Every structure is written in structure tokens, then in C-alpha cells.
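Summary of structural features
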Amino acid sequence: MAVKAPRLIAPLSAHALGSELIKYIQHKNLSIREAAADAIAAAIHEHPSTISATFLSLFAIYPSAEDILEGSEWEPRNGLALAIKASAEEFSSSDLPLMFNFLISKGLADPEERVRTDMVAAGVEIIDQVGADHSNMLVPLFESYLNNKKVDDMHEEQYDLVREGVVVFLGRVAKHLPTSDAKAREILQRLLKALHTPSESVQRAVSECLPGLIPAIQSDTHETEKVVAEMLQQLLNGNAYGTRRGAAFGLAGLVKGLGVASLKQYSIMDTLKEASEAKKEPQKREGALFAFECMCDKLGRMFEPYVIHILPIMLTCFSDSSVPVREATDLAARAVMRNLSAQGVKLVMPSLLNGLDDPAWRTQVGSVQMLGAMAFCAPKQLSSCLPTVVPKLSEVLGSSHPKVQAAAKTALQQIGSVIQNPEVQQLVPAIILAFDSPAKHNATCLDTILGTVFMNTVDAPSLALLIPVVNRGIRDRSTETKKKAAKIIGQMSSLVNEPKDLTPYVPLILPELQKIVVDPNPDIRAIAAKSLGSLMRGLGEEKFTELVPWLLETMKSETSAVERSGAAQGLSEILAIMEPQKVDQLLPTLLEAARSQSSAAREGCVVLCRFLPSTLGDGFVRHLPTALPVVIGGLADDNEGVREAAFSTTRVFIDLYARTSFPVLLPAVEEGMFNSNWRIRQSSVDLLGEFLFKVSGLSSKLLMNEGIAGPRTTSEAEAAKIQQVVGEDRMWGVLARLYLSRSDPALTVRTAALSVWKSLVPNTPRTLVDILGPLIELSIELLANGDEDSTMMAGRCLGELVRKLGDRILPKVVPILQQSMTSPVVSTRCGVCAGLTEILEATTKSQLAVYLPELLPTVELALCDSEDSVRNAGGKAFGVLVKSGGRVAIDAIVPALINQLHDTEGDDRTLEGLKQVLSVCPQLLTDILPKLVHMPMDAFRAESLGALAEVAWADLQRHLGTVVPPLIETAAMGGDSDASKASQDALHSIGTVVEGKAVDSMIRELQMKMDVGEESACACRVIEHVFKSSSRVEWEQHAPALVAMLVPLLGDSLADCVTAAWAALNSIVAGFPKEKTGVLVRPLKNSLALVGERVYKESDGLSVELPGLNLPKGLSPFLTVFLQGILQTGSLELREQSAEGLGQVIAMTSQSAIKPFVVQIAGPLIRTMSDRSASQVKSAILKALGILIDSSGQGLKPFVPQLQTTFVKCLQDGSSEIRDRAAKNLGPLMKLSTRVDPLVGDLCQQLKSSESTGVKLAVVRALCSIFDCAGKGVSPNVLTAAGEAIATTLTETENDTIREAAAACMGAFLSHCSEQELDHFLRGGLVSGVARGSISWQERLGFALGLAASLCRAPDRMCGPSADLERIKSIVKGLCFALGDELVSVREAAAHGSHRLLCYLIGHHTSIVSSTLSSLLPGLAALLAGSETEGKVAGCICFRKVAEAECAAGVDFLSAHFSSFVPPLLLLMDGKGDVKSSSEYAIRAVMRLSKGDVSYATGHVQLMDRSTRSTLTEGTLRRLARKHGEMEEEVFEW
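For every chain, the first residue of its written sequence is number 1, and the numbers climb from 1 along that sequence. Restriction of local features to residues with pLDDT of at least 70 applies here, the model being predicted, together with a cutoff of 80 or more for giving and counting side-chain atom pairs; totals for whole chains, interfaces and linings are based on all residues. Note: side-chain values were computed over all heavy atoms of the structure, leaving out hydrogens and water.

1. A closer look at the overall build of the protein
Per the secondary structure count, the protein includes 84 helices and 2 strands. Under the scheme applied here, a residue whose accessible area is under 20% of the maximum for its type counts as buried, over 50% as exposed, and between as partly exposed, the area being computed with a 1.4 Å probe on protein chains only. The 1534 residues of the protein split such that 55% are buried. Whether two residues are in contact is decided by their heavy atoms, any of which lying within 4.5 Å being enough. A separation threshold of at least 6 residues defines the contact pool for the protein, and within that pool the share at least 24 residues apart is 70%. In this description, accessible areas are obtained by the Shrake-Rupley approach with a 1.4 Å probe, and a residue is regarded as covered only by the protein chains that are shown. Carbon and sulfur atoms make up 51% of the accessible area of the protein, which totals about 65,200 Å². Only DSSP runs of H or I reaching four residues or more are called helices, and only runs of E reaching two or more are called strands; each is numbered from the N terminus.

Here is the structure:
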């Protein structure tokens, strides 16, 4: 709808219209023509009657055909078309023939396309506005024109244009017809026939109209199929080119009207695909490609899903043998690419790129041509695909096949043809040459590009051609080529109109720029850095999110200085394009790298500061205060690269900002001259000279002969100029600093300062006089700043001034030093002392004599200062004073300090002063000690001794016997008193300073106090402190002796002494190197044995626990030594002793104290048992493990499986001692286990199967130990089987040791077996067995030993309250028979069983003791009268044991039978050896002489016969009462 102009004020006549508006409708400007057209339309709307006259006037401006051919202007004709279009809704039915006659006869045949287009648009607008009401009139009008073969005298081309327009009109009118109207179908058929017109414009117009007419036939499926079939028939089989081409357009229009689904519904795509594969019919292949082309154009993106399917067809057809087919393929490819979306491009691109790698050259050619057709993509798609396409095409140019090369060149030319930039269009031939022969033409192309002046922006196709050339240039080896390429990249970002066009190339360009930004050539690095900045400026920071982190990482990397420099330069260019506010935020963060641990990071940070001035320009001035400390700090760096970078950066600062930023730079340089780091001082001195010359405009170098630059000297005039620029006062201050630097402790600084001084100062003496005031002030200030180098510098400078100026300076300096000595600032007083030291060294003796009275109070004040640093500095001054002044200085200061110490006790400053004096003159200690060492000792004197020991330790060592005892006594007296604490601290100080032979003396003094109660604790604390200090090295060789001193104290009755001794011992072990702890094993072990024996005796055998071991972590030092000794691979003796010592210490520790260390102990011991250790070591470890099992309780439960495996394995060991210890340990271990049966079963199996006597013995003993300790955990079935195995071993073995062990095991077994099993073994084995004389002696002996062992181990089961009398009688009967056995071993075993039975009955069944004794006595008496020594000894033991049991129970059964066994005992007393001794002890027990009372014996002896009375006289009885010694005991295992 045209926009209506405002209503005219008055009606316009045709004449008025002609005169007013016609001239505007012909105007050159389109906007004015459009406005005039709207105005005409508005006027007609107001005055409809004028429409005919108006347009007749307008038609009159349309020129004749001759005028048009002669070149008349087209704008009036265009204005006429605009006016018709604007007035479309005003036309009536009477106006339509006139309008369309004009349009068809004139407008549609106009040679100017713009006019013709607007004429068609005008006709379409009329039809849209009024066509619905006048279709009956318009359709015949248009049909009549179509039926005519020619209009007037039009030539063929004009007639095609007219037919095209009429077809458009007819199709537009048909839209207004009802779908049921037969006329619509007629129009459709007419349009389809019009497709035969050999004019593409007509055919295209028909195609545009067809979709609107499809509803007329869509309901009739048959008709639709027929129309589609006709189109396909004409498309594939039409004889004429125009027919096939028109059918393609018609098919596309039909498909658009029917919908994309019709492609499948009517098998259109299948038919086309089949036709494209008709190898012998090129017209079919051509027709199929026409169809693909038209459908792409007509359907647009709706056809995109089918593109991927027709792509292989097109690739094949590109190399078709038929030229028309190839041309059709090219047109189809252009249509495909023209209508592809971005997603479509992504779909087809992989197939095309893969086609380039296909081995068939025809496929390669097809892929190349398709890629070239991408030049016809929409601009957006074109810009997205070209970054991929052009590089691939440039690669294909190097193909070996000429046709592939030609296709690639053509494709590139096609891309070049769509370039809109005129400058790049001129470069296309050169670019293609560079693609074709890069080695030969790439550099030339870069030169051409650089020489081109770009007046227009660069579009996406231009970039696609330029970037590969530039990218190849960056990768070139030539330095110049790299420079050119980098320059072009930098300029390119400013030439593009749309940054997004360049964005796809960033991943390609950026890595190459990153490579050359770290190139060894500095020019390349500079250009690359600028290019990075330009790219980021043009494309935005968001496109380079990883660039800044990469530059930072490279700048800090450990690679090379060149790469760090390039990264820093690139980063500086990036900062230059950022907003100042962002730079202000980012720069401090970047400069934090100066504090990095990495020297590379620090260097990179400093180099960045070097480039920032050139990139930021004046904007860097505000950052100078931030960057300057970083650069100055770099001057002191340990890394040479950092220092060099910092120095060059500082020069850059001075060159650029010496004049403009004078107030900022000069203070920084001056401050650096007194920095604590000598490198900064040296660099600052060098820079100071350059800075002053730069400010004044003078050169720091002087041209000498032959133009060589060298060090210069300044003339008076030049010095005056520098002074004028800098200012007199400021200049004197600068020179004062420079003169001070000449006394710098560092030689290099002094050398540099002297060189700069000579270059700046023409007259040193006069200048020195000028700067004397500032120099002295600055020296005093430096003396007070606390820095060691500055203090030394100032002191040396003052000393030099004294040497040079002498009396001229001393009157000025000395009063200042005296006054400064009273300053409250510590550093000032320290500096005064340092300056005083230098002055004293520089002063002559005559000068010292004059100023000594003034200097002595100052020195004394320094010696007694409250601060250590001041006192130390004063001590140095005192040393110089003594060296220069001799005894005069000592006599003036030392007596005063001693008197002051005596008069004012508690004055720490006086004491500290004496310490400083003694540090200089240690021999003065002899004069001071008498005033400090006397009892009672107070806290101050104790502290004084400790303090003096630190400085006069060498002389103090001769007085240890005088000093140490009073200190120990005082430390032990006061508890928490100050004197006690001070004395203890003094002892600590003395202990840490003694060395050499003095350590022996100190240890002797401490050892003498070890037995004196609390004093021993004080001595222990001294040892503890020493071994915690750095002086322990002097004491380490005495560690074994100290250990031997300390271990006995762990059992002391005083808790404080125990704690102190343990702490000292722990300190020794902790401070001792682990590899040397072996020397402590023996003294620890021996000391433990001695102290354990002492504690055992003191507790009457009740306990051997050491209190010190039960402290928290009490075992730690012992475990450290012993476990380390066990684990060492050194001597076997050491490992054995370590294991034994570990067992000792475990045995002396309570279970609660052991618990935290169980894992620490058990693990190493188990591991050691698993290696190939010597038997004696394993034996000792097994013993220690046995003690650990007994002592640790449940804490060892996690190790039960490992220990069980270890012990069982040891039962097979070749060493009997190892086997016995392992067997013994298994029993206590099984207390902790819940699964005893498997082990007992395994042992029984070993007992049956083992052939080794030693192994069998070990297994029996292991079973015995298990039954003793964990018999309750054995199930009845396993217990029964074990009993049978033991019984078999007992009666069948021929080895006495095994037999005895089996007897003991049987006794342990009977403690847990059932009553039935007990009776079975007694009646079926033991008792009945000993009563049978027909069985072998082995069985008799075994049964006798078993009976004796059972009475020993299981008396309650054998004879206890639950046992019946018949069992006891049978046991007695068996013993009686055994006592009468012919074998002495059997009788001996029976004797031992008898006394076990009698002793138990005396304690539990007194009622049957007499009868039992009466039954056994004959056999026992006979044993005494026998001839075998073993039997006699066994009989004596039996009577002694029974007598002792009677005495303990307070009963007397033996006296009734004295007559039957006392005489035989008396006869044995006349024997020798064991018989004599055993009989005497038996008589002593029987007569109850053990307590020394002979009344019982005397009374009963009187009742005996004469012989007995004559033998047991009172004297004999008293002798026997006094008898002591080892008594014979049982020799059996039980």
C-alpha cells in the first residue's frame, strides 16, 4: 500500500498537474520521484475523475522507441512506473485496458532493467488491488497477448521480456480465481505450455506463478501425477535444450506448490537420481542437473536435506565427458552454494574436503569445482566457509595432475570474481601466482600487498585470498619475509569493515604470531608484538582470551631470555590498547611477578617495564612510581639475567624521563645508593652519573683519539652547569652520598663510586670542604639506620675523614657521637658505636690521648646499654680502644664495672657490660669469679655466672669444680625460687659452652651429684638441656657413660628425679644419630639388668617394674635404641644384645605403659624373624616376643596370625634354643586367639609325621604350653585326638627328653580333659601300666613320668575334692609298684610323684595322709637304702618336700615314722656330693630346723635309738640349722 500524501488544498487540473508534478516525476533522485508518485496518487484519490487525463499526460513523457535507442534518460520512465504503482487502487475497470495495454506494449519491453522491473511491479500491484473484481476481463487480455506470436515490430528479445511479464500477470490473476474454477486449470495448462518458450526469463516467470495454481489440481491426484510425469518426461527426454530447461523450472514450481514431501511422494528424487546415472544418455543427466539447480533456487533451504545426497552425483558429473552436462553441473553447483545455510555449508564441507584427498583425479576436480562454486554462497555463508576453502584450494594447486591444478586455479579465480574490494581485485593474479609457486612468488606478492594503498575496506573473500599468503609469509625462514607478513597482519585489522570477517582466521594467524613474537630477531619480535596489539584492538579482547595468559606464562617461563623478552614486548603492546583504568588495575598485578621465586619470572617482569614506556608513552609516567621499585629491586637479584634487564630498563627510564620526571627518579637513585644489597648500590652509583649528565644535557662519555668513547672528567664549567640544573643544596647532598659510597664494604661499589666521583668532581679537596656538613649529617644518619653495610660505610667514611682532616673533624664529630649515644633509638646508638670504632682505628695515639676522657664515658655507656646490639657494638669499640689505649682503657672501665656490679646487685646492664669486656679480655674472669661464687647463691649471681660463661667459656672451664657444685646445690634447694631457676639456667649455659676435656670434668661434677636426692634431678636436667642444644656434638662421645648414670635413676623413689632422668635419657637418644645408637645398646642393657636386680631386691621379689618406664612415652628412648640395633645389619652380638635388652625393658614395664608401643615393637620383631638372621639373634627376639606377649595383653591381638606363623615355622628350626622358645611362646599367644583347634591339629599331625627328634620335642613342648595357657579353648574332639597322640609319644619314644616333655604335656592335657578320658588314661594306661611288670621299661618309665607330671600339673583333677577315694587308692597303688620297680628311673619318677601326692593331700585331704604315707613309706625308705645316687637324691627330696608341706600346714605325720626313714637319711649324710647335701637338707626340713629352733628336733631325737641320738647331737642339729645354699630340686620339665 502506497503512503498517501497530505490532502491538497485545492483541486488540480490536468494542466496544473502537468506543470507542477511532471517535472518531479522525472527527477534524478529516486526519493523525489517516489514522493512525486505518492503525490499524484493522493491527488487522483481526491479527484478520481482526473485519472484518465492525468495518466495520458504521464504517458506522454514516455519516449518513442527511437528516442530510447538513442539513449534517452531512464529516470522519467521509472518515475512513470512508480506513479502507476502508487495509484493502483484508484483504477476502475474502464482504466485497466488502458493501463495494461501501456504496460505490455511499452513498459514490459523497456530495455532498462530497473524500469522494466518497476513496470512489472506496477502491474502486479494493480492486479493485487483490483484483480479479484476484474479477473474475467484480465485473463482474456493476457491470454490474447500470449497467443500472439509477436507484438508490433518487437524483436525476439523484447518479445521474451513481454511474455515473461504477461506470464507473471496471468499467474498473479489466477491466484484470485477460485480453486474450483476451470479457468484456473486452463491458466495452469497455458503456463505449462509457456514453459516450452525458449526464453529462460519466461520460464523462470512461469515457475514463479505455478505454486499459486497448484491448489486447482492438488485435490485431483491423478491430474497431479500426470502433470508431474509430463514435466519429468520433458525434463529427461525433451529433444530441445529449451524444453528440458523449461521442464526443470516447471518441476521446481510444481514441487514448491505441492510441498517438499512430493519429492518422495511422486518418486521425483529417485527418478532424477536414476537419470543422473544414465551413462549413455547425456540429455537425461543434463535434465537431472537442471532439476537440481531449479529446485535449489525455488525451494531454497527446504531442499537442503537433499543436497548431501546429490553431492556425489554432482562431483561425478563435474568430470562428465559431455560438455552440456558439465555446464549444467556448474550451474547446479552455483545454485546449491547460493542457497546453502550455514548449517548446510557444514554438512557439505567434509564431503568436499574428503574429495580433495580422493586418489581419482576426476573426483578431485569435481570437489575443487564445487568448492569454487562456494563463491556464490550468501555473504554470511561465504565468510564462514572461505577460511577453510581457500587454503585447501591453494594446496591443490600443487597437485601433480594438470586438470586438478587448472580446476583449482579456476576455483580461486571464481572466488576472486566475487571480491568487492577493487584493490584486492587487482592483486588476485599475484595472489594466485603466490598460491601456485609460493617459494618463487610469495615474497613478491607480499611486497605488492605492502605497496598497495587501500582506499576501501577489505571484505571476507578478500581476506580468504590474502590470509594464506600472509600466513605462509610468517612461516617463511626469511627474516624480511616474516617482517612483511607481520606488518600486513597488523594493518589488516584496520582495513576490515566487519571484525567478524577476520575472526575465523585468528586460530590460524595467532599461533604463528605467537611463534615469531619470541623470534631471536628483535625487529621481528617488535613487529609481531605490534601486530598482536593491532589485532586485539581491531577484533576486541574477547577474541583473544588465551593470549594474555600465554604471554604471561611465556614471560615467566624458564625457556630463554629471548622468548621472555618477546612475550613482555607483546604484553606491553596489549596493555597499550587497553583502557587506562584497566591498565591501572592490571599493571600492579603483573608487577607482582617481581617477587616470584622463579628468576625467569622476575626477569620477565623487569623486561616488561622496559617496553612499557615506548608502548604507553606519556601514559606510563603515572606508573613510574610503581614500576621503579620493581626495577631497582631487580638490580639486586641473584640472577645475572635479571640484573642486566633491570639495569637496561633503568637506563631506559633515565633516557626518557630524566628531565620530565626528575623529582621521581633522583630520589629513587639516591635511595638505591644505600640499599642493603650491594648490587643495587653499585647500579645506583653507575646510574647516578648517567642521570646527572642526562639532566644537564652533557654526554657521560668523552670522545678521545680516533673517535673512541671513554671515561671522562668534568671541567669546572661543566660541573657548574650540572650544579645549576640540579640545585646547589641538592648537588651537595648527591655528592655527599657519592663520597660515602667510596667507603662501601663492597669493592665493586667503591670502584664504581670512585669512577663516578672522578667524572663529576674536578677538585676533590675543595668539594670535600663544601659537602662536609651534609656528609657528617648523612654519615650519622646512616650509622643510625640499622643496616650493617650502611653502618660500616658511614663508619669507614668517618674514619677516612679523620685520617684526612684529623683535628678539623674530631671536634665536630665527637660531641655529635656523645649526644647521639643518649638517643632513644637503638639503631642510632648502634651506629654511634660502629662510627666510634672506625674513628678510634683512624685516630693517632696523640689524638686519642687528647680525646680519651671524652670517649671513655661513651664507650662505658655502650657497654652497659639495655640493648644487645648496642652492647655488642660497644664491645667492638672497647676492643679497639684497648688495642689503641692499652691498659689505660682497661683500668678506667673494668674496675668501675666490677664495683658497680658488687654495689648494685640485680643490675643486668652492668652484667652485660662485663660480658662484653670479657669477650674482649677473657682473662679478667679470675678477678670477677670470687665476687660471684659463694653460698648462699642468689638469683642475680647465678644469672651472672651463666651469662659470663657464654663469653668467657674458655677460662671458665678451669673453674668448673668451683662453679658447678654451688649451682647444683642452689638449683636443688629452692623449688620454684628465683635463685633455683637462675642456677639451673646457669648450669645449662655452662653445659652448652664446655668442650674438649672440660666435658669430662663437667660429667664428673654431675656424676658426684647423681646420688644426692634432688641434686640428681638438677644434674639430669643439665644433661637434657645439653643434648637438646647444638653443643651435643661435644657430649656425644660420652653418651654411653651418661646412659649408665641415668638408667639407675629411673628406679629412684623420688618422682622428680625419675622424670628428670627419663627426660635426659630421651634427650640423649633423640639427639643421637640413628646410625650411631649401637654404642648405647650395651650400657642400656647392662644398666637395666643392674637396676632391675636392685628394684627386685628392694621390693622383696614382688615387682621389677621401673617407675621411669611407666611414664608417658617412657619406652620411647629404649625402643629407639634397641629396635635400631635389631634392625641394623651390623654385628650379631649387637643385634642379640638389642633383642635381649628389649626383652628386659618390656619385662620392667607395666601393661598400660606398653600398650601404646605394641605395634611399634611387634612389627620390626616379626619382620626380623622373617629374614635370614643368625640363630642367637632369633633366639633373643623370640625371648623378647614371649615377654611382650605376657606383658601386652590384648594389644597384641592383631599380630596373632603373623606371630603364630612365625612360631610354628621356628619349631622346624635347626637351633634347639629357637625351637624351645617358639614352643614356649605359642601357649601365651593362644590366649589371644579364638581359633586354637587348627593349630593343635596341625601340631598333632607334625608330632605323628616328624622324624626329627628335635622337632618332635619342640612340638610336644608347644602342645604342653598351649594346654597350660589356652587349654580351655580346645574343643573336646581335638583335645581327645591330642591326648591320644601324646600318650602314644609318651609310651613309645626312646628319647628321655621327649618322654619327659610328653609326661609334662600329659599333665597339662589332664587338666582339661573330661572325667571319662581321665579315668580311661588312669585305668587303661598310667596306673595299671606301672602295676604291670610284664611291659617294657620304656612304657613303665613313660607311665611313671606321666603319673608324676599329672600329680604336679593336675592335682585337683587327680586327687581333688571331685576325685573319689578309689582313684586316689589306685594312684597310691601305682606309685607303690613304681617305687619297687627294678629300674631306678622309674623309682626316681615315682618318688617325685609320691611327694607331689603327699604334699597335695596334706593341704587338701589330711584324713588319708597317714594311710597313704604308710603305703608309700616302705618304697621310699628302700629308695634311700638303694645303691643308685639318683634314687637316693630323689628320696631325700621327697622327704624334704613332705616335711616342708607339713610345717607350712601345721601338721605332723612324718614323726610317727621317723624310725623308718631317719636312720637311712643319717647314713646318707656320711656320703659325698649331691647325696650328702640332699640328705642334710632333708634332715633339716624333717627336724624343722629352718628357723634355727632345735627344740622340736631335740624332743623327737630323744625318742629315737642310741645310734640316731649319737648322730643327731645338739651341735649337729645347730650346724644343720645354719646350713644355706643351693638345694637339689626336681630335674624334670614339670
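2. Some thoughts on the state of the cysteines
We call a pair of cysteine sulfur atoms a disulfide whenever their separation is within 2.5 Å. Taken as a whole, this structure holds 0 disulfides when the rule is applied. In this model Cys296 remains outside any disulfide bridge; the closest cysteine sulfur is found in Cys294, 9.4 Å from its own. Note on Cys296: relative accessible area 2%, which makes it buried. Here Cys1018 is not disulfide-linked; the sulfur of Cys1020 is the nearest cysteine sulfur, at 9.1 Å.

3. Quick word on the packing of helix α26 (residues 460-474) against helix α29 (residues 506-516)
For helices, the fitted axis covers only the stretch in contact; all axes are lines through C-alpha atoms, and the angles between them, taken along N-to-C directions, range from 0 to 180 degrees. Between α26 and α29, the shortest axis-to-axis distance is 10 Å and the interhelical angle comes to 25°. When the interaxial angle is binned, α26 and α29 end up roughly parallel. Where α26 crosses over α29, the two elements pack in a sense that is left-handed. On α29, the residues touching Ile467, Asn471 and Ile474 of α26 are Leu508, Ile509, Glu512, Leu513 and Ile516. Polar here means any residue other than Ala, Val, Leu, Ile, Met, Phe, Trp, Tyr, Cys and Pro, which are nonpolar, and Asp, Glu, Lys and Arg, which are charged; Gly is therefore polar. Looking at the contact of α26 with α29 residue by residue, the class counts come to 6 nonpolar, 1 polar and 1 charged. Roughly parallel refers to an angle under 35 degrees, roughly antiparallel to one over 145, roughly perpendicular to one between 65 and 115, and oblique to any angle outside these ranges. The hand of a helix crossing depends on one turn: near helix anticlockwise from the far one by less than a right angle means left-handed, and clockwise means right-handed.

4. Side note on helix α45 (residues 810-820)
Among the residues of α45, Leu810, Val813, Val814, Leu817 and Ser820 are the ones counted as buried. In a view along the axis of α45, the buried residues occupy a sector of 135°, so they form one face of it. What the arc covers is the set of directions going from the helix axis to the C-beta atoms.

5. Here's the deal with unusual backbone geometry
One non-glycine residue, Ser267, lies in the positive phi region at around 55°. Relative to the assigned elements, Ser267 resides in the loop between α15 (262-265) and α16 (268-276). The backbone phi angle of Arg1488 is positive, close to 55°, even though this residue is not glycine.

6. Section: the packing of aromatic side chains
Two rings from Phe, Tyr or Trp (for Trp, the six-membered ring) form a pair when their centres sit within 6.5 Å of each other. Planes less than 30 degrees apart are called stacked, planes more than 60 degrees apart edge-to-face, and all others tilted. The final tally for this structure, using the stated rule, is 5 aromatic pairs. Ring centres 5.5 Å apart and planes at 85° place the aromatic pair Tyr241 and Phe290 in the edge-to-face group. On the criterion of sequence distance, the pair formed by Tyr241 in helix α14 (residues 241-258) and Phe290 in helix α17 (residues 282-299) is long-range, its members being 49 residues apart. Feature note: the residues Phe1439, Phe1458 and Phe1461 constitute an aromatic cluster, connected by ring pairs. Sitting over the ring of Phe290, Arg245 keeps its end group 4.9 Å from the ring centre. A ring is scored as having a charge over it whenever the NZ atom of a lysine or the CZ atom of an arginine sits within 6 Å of its centre and within 35 degrees of its normal. Positioned over the ring face of Tyr1496 is Arg1488, at 4.8 Å from the centre of the ring.

7. So, the packing of helix α32 (residues 561-577) against helix α34 (residues 599-616)
α34 packs onto α32 with a crossing angle of 40° between their chain directions and a minimal axis gap of 8 Å. When the axes of α32 and α34 are compared, the pair comes out oblique. By crossing handedness, the relation of α32 to α34 is classed as right-handed. In this structure, α32 contributes Ala561, Arg564, Ser565, Ala568, Gln569, Leu571, Ser572, Glu573, Leu575 and Ala576 to the contact, and α34 contributes Ala600, Glu603, Gly604, Val607, Leu608, Arg610, Phe611, Leu612, Thr615 and Leu616. Among the residues making up the contact of α32 with α34, the classes are represented as 11 nonpolar, 5 polar and 4 charged.

8. As for the environment of Ser399
In this fold, Ser399 is placed in the loop between α22 (379-396) and α23 (402-417). Taking the C-alpha atoms as reference points, Ser399 and Gln364, 35 residues apart in sequence, are found 9.7 Å from one another. Those residues within four positions of Ser399 in sequence are excluded, and the remaining contacts are Gln364, Val404 and Gln405.

9. Observations concerning the side chain of Arg285
Structurally, the position occupied by Arg285 is in helix α17. Beyond its immediate sequence surroundings of up to four residues, Arg285 is in contact with Ala275, Ser276, Ala278, Lys279, Lys280, Asp320, Ser322 and Val325.

10. Some points on the side chain of Asn78
Structurally, the position occupied by Asn78 is in helix α6 (residues 75-86). Judged by its relative accessible area of 2%, Asn78 is buried. Residue contacts for Asn78: discarding those within four places in its chain leaves Leu30, Arg33, Arg114, Val115 and Asp118.

11. A few points about the nonpolar core
Residues belong to a common nonpolar core when they are buried Ala, Val, Leu, Ile, Met, Phe, Trp, Tyr or Cys residues joined through side-chain atoms within 4.5 Å. Trp1035, Phe1118, Leu1142, Phe1267, Phe1461 and Met1487 are the most contacted members of the largest nonpolar core, which totals 202 residues. Residue contributions to this core peak at 11 residues, all from helix α70 (residues 1253-1270). Residues contacting Phe1461, with those up to four places away along its chain left out, are Leu1417, Leu1424, Phe1439, Leu1454 and Val1486. The next biggest cluster of nonpolar side chains, apart from the first, holds 146 residues, and it includes Leu502, Val669, Ile680 and Leu738.

12. Quick word on the pattern of salt bridges
A side-chain nitrogen of Lys or Arg and a carboxyl oxygen of Asp or Glu constitute a salt bridge if their distance falls within 4 Å. A complete count under the given rule lists 20 salt bridges for this structure. For Glu1444, the salt bridge is made with Arg1440, and the minimal N-O distance between the two is 3.4 Å. With a gap of 4 residues between them, Glu1444 and Arg1440 both fall in helix α79 (residues 1429-1449), about one helical turn apart. On the basis of relative accessibility, which here comes to 33%, the residue Glu1444 falls in the partly exposed class.

13. Things to note about the confidence of the model for the protein
Each residue gets a pLDDT score, which is the predictor's confidence in that residue and runs from 0 to 100. Scored by pLDDT, the protein has a mean of 76; 81% of the residues are at 70 or more. Contacts of residues 1-12 to residues separated by more than four positions or lying in other chains number 18 contacts, the stretch itself having pLDDT below 50. Contacts of residues 701-710 to residues separated by more than four positions or lying in other chains number 12 contacts, the stretch itself having pLDDT below 50.

14. Describing the environment of Thr410
Among the secondary structure elements, Thr410 is positioned in helix α23. Along the chain, Thr410 and Val368 lie 42 residues apart, while their C-alpha atoms are 8.9 Å from each other.

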